[in-house]
Structure formats: structure tokens, C-alpha cells
Amino acid sequence: MSGNAIDAEPGTVYLVGSGPGDPDLLTVKAKRLLEECDVVLHDKLPGPEIIDRLPEDRREDVGKRAGGERTPQSEINERLVELAREGKSVVRLKGGDSFVFGRGGEEAEYLAAHEVPFEVVPAVTSAIAAPAVAGIPVTHRDHASSVSFVTGHEDPTKAESAVDWDALAATGGTIVVLMGVGRLPDYTTALLEAGMAPETPVALVERGTWPGQRVATGTLETIVDARDEAGIEPPAVTVIGDVAGTRESVVEFLQNDYGAAGDAGAGE
Ligand code: SAH
């Protein structure tokens, strides 16, 4: 075996990505650490199939506090340090990849600042996997030579828009928006105003690889209606660009068997 063929080390934090939700898409390393570690800190994003398999007595849900509001990141950081200093081997499990809109970078910085040893375990990000299992390649020789991953839910404390939609429109490549269900009307309008063609294909992939995965498709002009008609909710990724249109030519033979309920159908 290459790399760190080790057991979960006491006093160490593992920043582990879970992949998009299908337990078969956990990395071998993630699976082994989940089996071996003393405690797992997680939220809901790894999805029901992965979370339900975590042993009750070794997991802490740090997604929401009693009362329903989000646990502040500072509290999670402190808990990681506290558990490590107790000598525990700790898995911090995030949906997708911890370093893609997962705040894993902040956790790494905090751990380093507190001299806690940690290891990063990369994973399959939903930004690529959710489109993929819906039959959409984020790049394609004929359609997109670049792909941008952006947040649709900007930090409200930021003074100005952190995402330059004009510049994104100008790339001519694929745009994958995470956390972008709610503000879909805002950024589709921004992209249209930036000169993107109204008929540009757009797909929403909800709960990619989870049981009940759904896909809604449309164009920059129609996707908001498609979202509303289908009732698409987070977590979902938005794929914008010609690659989203290629789905049509493969979907009949695509055997990724997620979502017994099938497509949302809207906009198709
Ligand atoms: N670290 C994660 C992203 C966290 S941000 C990753 O690499 O995938 C949270 C956003 O991720 C959600 O709002 C949604 O846009 C996206 N997301 C995560 N899991 C998803 C899934 N299974 N299907 C669709 N979108 C998902």
C-alpha cells in the first residue's frame, strides 16, 4: 500500500470528504477512517445513506444546534481541538470535498494555529459528480474547455459581489453553481445581462447520488420556472452551459440508477 497505511492516530483530526452521498463513492481511505476513528463530527450534507451508517455512539451532528440554527464555525473549530487534545482520533466529515466550499481550509488553519496534527482526505466533489451522474460532463471537447465553480450564496457580510458574473459569462465555459437554488433568478439574470444567450442550456441536479435524486432542465430563460414547477430544493447544483444540453443525447442509456422517482421532468 502506498501513502499512509495507518490506523486513525490518537490526537489527530482527519478532514474527510464524504463524496456526494452514495456510500460507494466514499474513498477507501474515508471508509477506513470512519470505521476506525473515535468520533465523527458531521452535518447533514454527506446524505442519509452515509450518515445512517455512522455508529450512534461515535458521532456528533454539528450541523444544527437545538433550536435549529447553524452551529457557528468557531464552535466546531473549538470542538475539534478539544477532542484532539483529549487524545481522540477525530474525523471531520464534510459532504463532497472538504476544500470545495466546505470550510475545510478554515478548519485546517485553526488546527495548525492550535498545533493539532491533521490530515486532509480529498474526495469526490458534488460540483463534478452531481452533473456527471445526471449525464452531464463539466467539460467536453466540442462544448466547454473550461469550468468554473462558484457559490450562488455569497457571504452577506462581504461588501461587494464576490462573484464576477460578467467575467464568468465571458469564459464561454461551463459554470457550476453551488448553494445556488434560492438565488437562481438573480444570477441567471446577471448572466443574461452579461450577454449570455437566453437559450443556453441549464440543468439543476438535486440530491445527486442520493436516493430520490432529481434533475430539472431548461435554459437561462426558463430554468427558474422549471425549478419552481419541480420544487427543486437544496442541496442542488446548477450547471450552466452547452454541456447541460448534451444530457439529452445520453440519458436514455444512462444507467446511473439514482432517484427511483426519476427526473423532475420540468423544462424538458
Ligand atoms: N464541499 C461540498 C460543497 C459544500 S457547499 C462539495 O464538494 O460537494 C453545499 C452545496 O453543495 C449545496 O448547496 C449544493 O449546491 C452542493 N451539494 C452538495 N452535495 C450535493 C449533492 N449530493 N447533490 C447536489 N448538490 C450537492
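If you're wondering where the values come from, they're calculated on a predicted model, not measured in any experiment.

## What to know about unusual backbone geometry
Argument step 1. Here Pro234 and Pro235 are connected by a cis peptide whose omega angle stands at 0°.
Argument step 2. Along the chain, Pro235 turns up in the loop between helix H8 (223–230) and strand S10 (236–240).
Argument step 3. One non-glycine residue, Phe101, lies in the positive phi region at around 50°.
Argument step 4. Owing to a relative accessible area of 39%, Phe101 belongs among the partly exposed residues under this scheme.

## Side note on helix H3 (residues 73–85)
Argument step 1. The end-to-end C-alpha distance of H3, which contains 13 residues, comes to 19 Å, matching closely the 18 Å that a straight helix rising 1.5 Å per residue would cover.
Argument step 2. Buried positions along H3 lie against strand S1 (13–17), strand S2 (39–42), strand S3 (59–61), strand S4 (90–94) and helix H4 (104–113).
Argument step 3. Of the residues flanking the end of H3, it is Gly87, one or two places downstream, whose phi is positive at about 90°.

## Remarks on the site of the ligand
Argument step 1. Contacts to the ligand come from 19 residues, most closely from Val100, Thr125, Ser126, Gly208 and Ala236.
Argument step 2. Contact between the ligand and Ala236: an oxygen atom at 2.7 Å from a main-chain N or O atom of the residue.
Argument step 3. When residues of the shell around the ligand are traced back to their parent elements, those giving at least two are helix H5 (126–133) and S10.
Argument step 4. Of the residues belonging to the shell around the ligand, the class tally is 12 nonpolar, 5 polar and 2 charged.
Argument step 5. Counting the residues that make up the shell around the ligand, at least three belong to each of domain 1 (13–121) and domain 2 (126–267).

## Looking at the side chain of Asn77
Argument step 1. Within the secondary structure layout, Asn77 lies in helix H3.
Argument step 2. Filtering out sequence-adjacent residues up to four positions away, Asn77 remains in contact with Glu107 and Tyr110.

## With respect to the domain arrangement of the chain
Argument step 1. Annotation of the chain at the domain level lists domain 1 (13–121) and domain 2 (126–267).
Argument step 2. Taking the mean C-alpha position of each, domain 1 and domain 2 sit 27 Å from one another.
Argument step 3. In this complex, domain 1 contributes 12 residues to the contact, which on the side of domain 2 involves 13 residues.
Argument step 4. When domain 1 packs against domain 2, the two sides together hide about 910 Å² of surface, and 74% of this comes from carbon and sulfur.

## Topic: the layout of surface pockets
Empty space among the atoms can be located by rolling a probe the size of a water molecule over them.
Argument step 1. Space inside the second largest pocket adds up to approximately 230 Å³.
Argument step 2. Lining the second largest pocket are 13 residues, and of these Leu26, Lys31, Leu34, Glu35 and Arg53 lie nearest its centre.
Argument step 3. At 4 residues, the largest contribution of residues to the lining of the second largest pocket is made by helix H1 (residues 28–36).
Argument step 4. Looking at the lining of the second largest pocket residue by residue, the classes come out as 7 nonpolar, 1 polar and 5 charged.

## Points about the sheet that holds S3
Argument step 1. What the 5 strands build is an open sheet, ordered S3-S2-S4-S1-S5; its pairing is parallel. If you trace the sheet from one side to the other, it starts and ends with S3 and strand S5 (118–121), each paired once. Put simply, the sheet's adjacent strands are angled 20° from each other on average, direction ignored.
Argument step 2. Where S2 and S4 come together, 4 bridges link them in parallel fashion. Looking across to S4, one finds that Leu41 is bridged to Arg92.
Argument step 3. Of the strands in this sheet, S1, S2, S3 and S4 touch H3, which is tilted by about 155° from S4.
Argument step 4. In the packing of H4 onto the sheet, the strands contacted are S1, S4 and S5, and the crossing angle to S1 comes to about 175°.

Procedures and definitions
Residues numbered from 1 in each chain as written. Predicted model: local features only at pLDDT ≥ 70, side-chain atom pairs only at ≥ 80, totals over all residues. Heavy atoms only, no water. Helix = DSSP H or I, 4+ residues; strand = E, 2+ residues; numbered from the N terminus. Buried < 20%, exposed > 50% of the residue type's maximum accessible area, 1.4 Å probe, protein only. Expected span 1.5 Å × (residues − 1). Contact = heavy atoms within 4.5 Å. Near = heavy atom within 4 Å. Polar contact = N/O pair within 3.5 Å; in protein donor to acceptor, adjacent residues only side chain to side chain. Nonpolar A, V, L, I, M, F, W, Y, C, P; charged D, E, K, R; others polar. Domains from an automatic or database assignment. Buried area = accessible area lost by both parts, 1.4 Å probe. 1 Å grid on protein atoms, 1.4 Å probe; cavity = no way out; pocket = protein on both sides within 12 Å on 5 of 7 lines; lining within 4 Å. Points joined across faces, edges and corners; volume = space filled by probe spheres on them. Pairing = 2+ DSSP bridges. Axes fitted to C-alpha atoms, helices over the stretch in contact; angles between N-to-C directions.

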